[in-house]
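# Inside the fold
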Amino acid sequence: IAHVGVSVREATETDLSVAERSQENVNRLMNELMELSSRAGQQSRHITEITERIHVLVREGVLSMQFEDIVSQMLSRITRQTLAVGGYLHTMLDLHNDREQRDGLLRFRTRIARLQSLIATAQENSSGSELGDSGKQLDSGGEIDLF
C-alpha cells in the first residue's frame, strides 16, 4: 500500500507538473495571440487612415482637373469670341476703305450689302452654329461641359 501510495503521489506530481506547464504554454500562446491581434488592429487602423487620405487626395485631384477643364473651356470660348469681335471690327473698318469710289450711291449700296453680310454672319455665330476645338457644336448659352 505504501508503495502504491508513493507511485500515486509521483504520478500525481508528474500530472500536476505537466498540467502546470501546459497551462503556462496556453497562457503564453494566449498572450502572443492577444499581442498579434492588437498589432493587427493597429495596422488595420493605419491602413484605414492612409486609405482615407488617398481618398481625399483623389477627390482634390479630380476637383482640380475639373476646375482646369472649366477654365480651359472658358479661355477657349473667350479667345474665339475675341477673334470674332476683332474680325467684325476689322470688317467694319474695311467698309470705309472705299473712298476711291466716286459714285456715292454705289458706295452706299456696297456698304449696306457688306453690313448685311456681316450681320448675317454674326447671327449665324450667335445662334450656336460655331464648332469648338473638339468638333462638337458649342452652345450660345455659355454652358460648360463637365467630365
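Predicted model only: the values in this text are computed from it and were never measured.

## With respect to the overall build of the chain
Helices and strands together make up the secondary structure of the chain, namely two helices and zero strands. Out of the 147 residues belonging to the chain, those deemed buried represent 7%. A total of about 12,300 Å² of accessible surface is found on the chain, and carbon and sulfur atoms cover 60% of it.

## Some details on the pattern of salt bridges
In total, this model carries one salt bridge according to the counting rule given. Between Glu35 and Arg39 there is a salt bridge, and its shortest N-O distance comes to 2.6 Å. With a gap of four residues between them, Glu35 and Arg39 both fall in helix H1 (residues 2-95), about one helical turn apart. Residue class for Glu35 comes out partly exposed when judged on its relative accessible area of 43%. On the basis of relative accessible area, Arg39 is assigned to the partly exposed category, the value being 47%.

## Quick notes on a nonpolar patch on the surface
On the surface, a nonpolar cluster with roughly 480 Å² of combined accessible area is contributed by Phe67, Val71, Met74, Leu75 and Ile78. Mapped onto the elements, Val71 comes out in helix H1.

## Considering the confidence of the model for the chain
Parts of the prediction with low pLDDT should not have their coordinates interpreted in detail. On average, the chain scores 83 in pLDDT, and the residues at 70 or more come to 87%. Scored below 50 in pLDDT, residues 129-140 makes 22 contacts in the model with residues more than four places away or belonging to other chains.

## Quick word on the environment of Asn125
Within the secondary structure, Asn125 sits in helix H2 (residues 104-126). Exposure remark for Asn125: the relative accessible area of 33% places this residue in the partly exposed category. Residues Asn125 and Ala84 lie 41 residues apart in sequence; the distance between their C-alpha atoms is 8.8 Å.

## Comments concerning H2
Here H2 is 23 residues long and its end C-alpha atoms lie 32 Å apart, about the 33 Å a rise of 1.5 Å per residue gives. Between a side-chain oxygen at the N-terminus of H2 and the backbone nitrogen of Leu105 the separation is 3.3 Å; the capping residue is Asp103.

Cut-offs and rules
Residues numbered from 1 in each chain as written. Predicted model: local features only at pLDDT ≥ 70, side-chain atom pairs only at ≥ 80, totals over all residues. Heavy atoms only, no water. Helix = DSSP H or I, 4+ residues; strand = E, 2+ residues; numbered from the N terminus. Buried < 20%, exposed > 50% of the residue type's maximum accessible area, 1.4 Å probe, protein only. Areas by Shrake-Rupley, 256 points an atom, 1.4 Å probe, with all protein chains shown as cover. Salt bridge = Lys/Arg side-chain N within 4 Å of Asp/Glu carboxyl O. Patch = residues over 30% accessible without salt bridge, like charges linked within 9 Å, V, L, I, M, F, W, Y side chains within 5 Å. pLDDT = per-residue confidence, 0-100. Contact = heavy atoms within 4.5 Å. Expected span 1.5 Å × (residues − 1). Polar contact = N/O pair within 3.5 Å; in protein donor to acceptor, adjacent residues only side chain to side chain.

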